[in-house]
Amino acid sequence: MLTSLGIGAHAAAARTPFQVRCEDTISKTISVLSTKSNGFTINNQLPYRALTLKTGSIDGRRETLGLTVTRAQYSATLGGPMLQDPASGYECVAPKVEVKLNYAPVLIYVGNEFAPGTCAYDVILAHEQRHLKAYMDNLVRVEQVVRAALEKRFDARPLYAPSGTAQSALQHEINSIWFPFIKAEFDKGNVEQAKIDTPQEYARLGDACNGDIRRIIEQRRRRP
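Below or above, wherever it landed, is the structure these notes cover. (Residues numbered from 1 in each chain as written. Predicted model: local features only at pLDDT ≥ 70, side-chain atom pairs only at ≥ 80, totals over all residues. Heavy atoms only, no water.)

Some words on the pattern of salt bridges
Then step 1. Under the definition given, this model contains 15 salt bridges.
Then step 2. The closest approach of N and O atoms between Arg 221 and Glu 63, which form a salt bridge, is 2.5 Å. Here the residue Arg 221 occupies a position in helix 7 (residues 199-221), and Glu 63 occupies one in the loop between helix 3 (48-55) and strand 4 (66-69), the gap between them amounting to 158 residues.
Then step 3. Judged by its relative accessible area of 44%, Arg 221 falls in the partly exposed class.
Then step 4. Ionic pairing is found between Lys 133 and Asp 137, a salt bridge with its closest N-O pair at 2.7 Å. In this pair, Lys 133 and Asp 137 both sit in helix 4 (residues 119-153), 4 residues apart, roughly one turn of the helix.
Then step 5. Judged by its relative accessible area of 41%, Asp 137 is partly exposed. (Salt bridge = Lys/Arg side-chain N within 4 Å of Asp/Glu carboxyl O. Helix = DSSP H or I, 4+ residues; strand = E, 2+ residues; numbered from the N terminus. Buried < 20%, exposed > 50% of the residue type's maximum accessible area, 1.4 Å probe, protein only.)

Observations concerning the layout of surface pockets
Then step 1. Within this model, the largest pocket holds a volume of roughly 330 Å³.
Then step 2. Looking at the largest pocket, it is lined by 18 residues, and the ones nearest its centre are Gly 66, Leu 67, His 131, Asp 197 and Tyr 202.
Then step 3. Secondary-structure elements contributing two or more residues to the lining of the largest pocket are strand 4, helix 4 and helix 7.
Then step 4. Element by element, the count of residues in the lining of the largest pocket is highest for helix 4, at 5 residues.
Then step 5. A class-by-class count of the residues in the lining of the largest pocket yields 6 nonpolar, 8 polar and 4 charged.
Then step 6. The volume enclosed by the second largest pocket comes to roughly 280 Å³. (1 Å grid on protein atoms, 1.4 Å probe; cavity = no way out; pocket = protein on both sides within 12 Å on 5 of 7 lines; lining within 4 Å. Points joined across faces, edges and corners; volume = space filled by probe spheres on them. Nonpolar A, V, L, I, M, F, W, Y, C, P; charged D, E, K, R; others polar.)

As for helix 5 (residues 166-187)
Think of an α-helix as 3.6 residues a turn; residues three or four steps apart then line up on the same face.
Then step 1. Between its first and last C-alpha, helix 5 extends 30 Å over 22 residues, near the 32 Å set by a 1.5 Å rise per residue.
Then step 2. Along helix 5, the sharpest kink reaches roughly 35°, centred on Trp 178 and followed within four residues by the proline Pro 180.
Then step 3. Every buried residue belonging to helix 5 is among Ala 166, Ala 169, Leu 170, Glu 173, Ile 174, Trp 178, Ile 182, Glu 185 and Phe 186, and all of these are buried. (Expected span 1.5 Å × (residues − 1). Bend = angle between axes of the 7 residues up to and from the residue.)

Considerations on the pairing of strand 9 (residues 106-110)
Then step 1. Most of strand 9 sits inside the fold, with 4 of its 5 residues counted as buried.
Then step 2. Relative to strand 9, strand 3 (residues 40-43) is paired through 4 bridges, and the arrangement is parallel. From the neighbouring strand, Phe 40 faces strand 9, where its bridge partner is Val 106.
Then step 3. For strand 4 and strand 9, the ladder comprises 4 bridges, and the chain directions are antiparallel. Bridge pairing links Thr 68 to Ile 108 in strand 9. (Pairing = 2+ DSSP bridges.)

Re the nonpolar core
Then step 1. Grouped together as the largest cluster of nonpolar side chains are 20 residues, with contacts concentrated most on Val 99, Leu 101, Leu 150, Phe 154 and Phe 186.
Then step 2. Elements that contribute at least two residues to this core include exactly strand 8 (96-103), helix 4, strand 10 (159-162) and helix 5.
Then step 3. Per-element tally for this core: the top contributor is helix 5, with 6 residues.
Then step 4. Counting residues in each nonpolar core, the second largest holds 17 residues, with Tyr 48, Val 106, Cys 209 and Ile 217 among its members. (Core = buried A, V, L, I, M, F, W, Y, C linked by side-chain atoms within 4.5 Å.)

Purely geometric stuff here, so don't read any function into it on its own.
Set out below in structure tokens:
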């Protein structure tokens, strides 16, 4: 178990020699987050029926004309200087925690019924780019939230643990606490994604380009 010692004025006045060594001689805790946007590519090869199957919504009520696909990615690199105290059987570590956050390269599908350069294609692509922007906005928000939480947890004080256990305890904390926390923060972005796909938005798409999108879909529905 990782603990912080020497908190408060009374504790600071009563620091042990080992605490003095840890807190005054090894580098302070550093928490670094970096984000990376991997851009996007466009795929115009699949028909809208295949895209609808990808979303699991082929129920006769909603067709998927375009689709934006990505997934959250996160990793952590751990390190930091460590000191041992044979007398107490404890060690201290000033963790250096580097967390990387990003989304996998975004793939935007537009149904192949809609040829590039047409009004219908441009309208569907613009809709999907709203999803792309929502993902990127969420990435910025997640970085801010996770950075603040990490800085609060690893607040420039060494952490103490029984000798030989500090690194494994830190890794366990990352895996069992921080990764689920990060995933939950990424998942909050689903709310904003859902706000884009409203019945009103689908109606607007159907009416766009003088009704071309609706007309193309109706023609494809009549095909076997």
